[in-house]
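# Structure assessment
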Amino acid sequence: MIAYYKSIRETVQNGSLHRLLSPRDGEVTANEYVSRDAKQAVVFAFLHSQQFLYPAPTVYLRGLDPGAVYRLKRIDGKLAEHQEP
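Here's what I pulled together on the structure shown here.

Cut-offs applied
- Residues numbered from 1 in each chain as written.
- Predicted model: local features only at pLDDT ≥ 70, side-chain atom pairs only at ≥ 80, totals over all residues.
- Heavy atoms only, no water.
- Helix = DSSP H or I, 4+ residues; strand = E, 2+ residues; numbered from the N terminus.
- Buried < 20%, exposed > 50% of the residue type's maximum accessible area, 1.4 Å probe, protein only.
- Contact = heavy atoms within 4.5 Å.
- Areas by Shrake-Rupley, 256 points an atom, 1.4 Å probe, with all protein chains shown as cover.
- Polar contact = N/O pair within 3.5 Å; in protein donor to acceptor, adjacent residues only side chain to side chain.
- Expected span 1.5 Å × (residues − 1).
- Bend = angle between axes of the 7 residues up to and from the residue.
- Pairing = 2+ DSSP bridges.

From N to C terminus, the chain includes 1 helix and 3 strands. When the helices and strands of the chain are listed from N to C terminus, the series reads α-β-β-β. For the chain, with 85 residues in total, the buried portion stands at 18%. Within the chain, contacts between residues at least 6 apart in sequence are counted, and of these 36% link residues at least 24 apart. Element-wise, carbon and sulfur atoms account for 53% of the exposed surface of the chain, whose accessible area totals about 7,200 Å².

The next thing to look at is the side chain of T11. Tracing the backbone shows T11 in helix α1 (residues 2-14). By relative accessible area, which is 3% here, T11 ends up buried. In terms of polar contacts, T11 uses its side chain to reach the side chain of Q40, at 2.4 Å. Excluding residues that lie within four positions of it along the chain, T11 makes contacts with Y33, V34, S35, Q40 and V42.

A separate point is α1. For α1, built from 13 residues, the straight-helix expectation of 18 Å at 1.5 Å per residue is met to within 8% by its first-to-last C-alpha distance of 18 Å. Considering bend angle alone, the principal kink of α1 is centred on I8 and spans about 55°. Turning to α1, its buried residues number three or more, namely I8, T11 and V12. Contacts made by the buried residues of α1 are with β2 (28-34) and β3 (41-47).

On to the pairing of β2, then. In summary, the side chains of a regular strand alternate between the two faces of the sheet. Here β2 lies mainly inside the structure; 7 of its 7 residues are buried. Across the two faces of β2 the burial is the same, with V28, A30, E32 and V34 and T29, N31 and Y33 all buried. Hairpin connection from strand β1 (residues 16-21) to β2: 6 residues lie between these consecutive antiparallel strands. Across 7 bridges, the pairing between β2 and β3 is antiparallel.

Written out as structure tokens, the structure is:
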């Protein structure tokens, strides 16, 4: 986890913060950090309490380069699976 944090530290500490889902508006909190050059984005999303069958909300990212192609990677190092809405 330390090595992973080092790979995102610059973006989290010095990037732009976007509050995507407020803890005041529901059961999920989501924050996004975008690097100054928009080449990296980091999203933290948290479910406040364990709820079975609670549908995950759609999270719309902000501050990204619309012409870029981004790769999604989970914190455990696996690539995220693409799912159609």
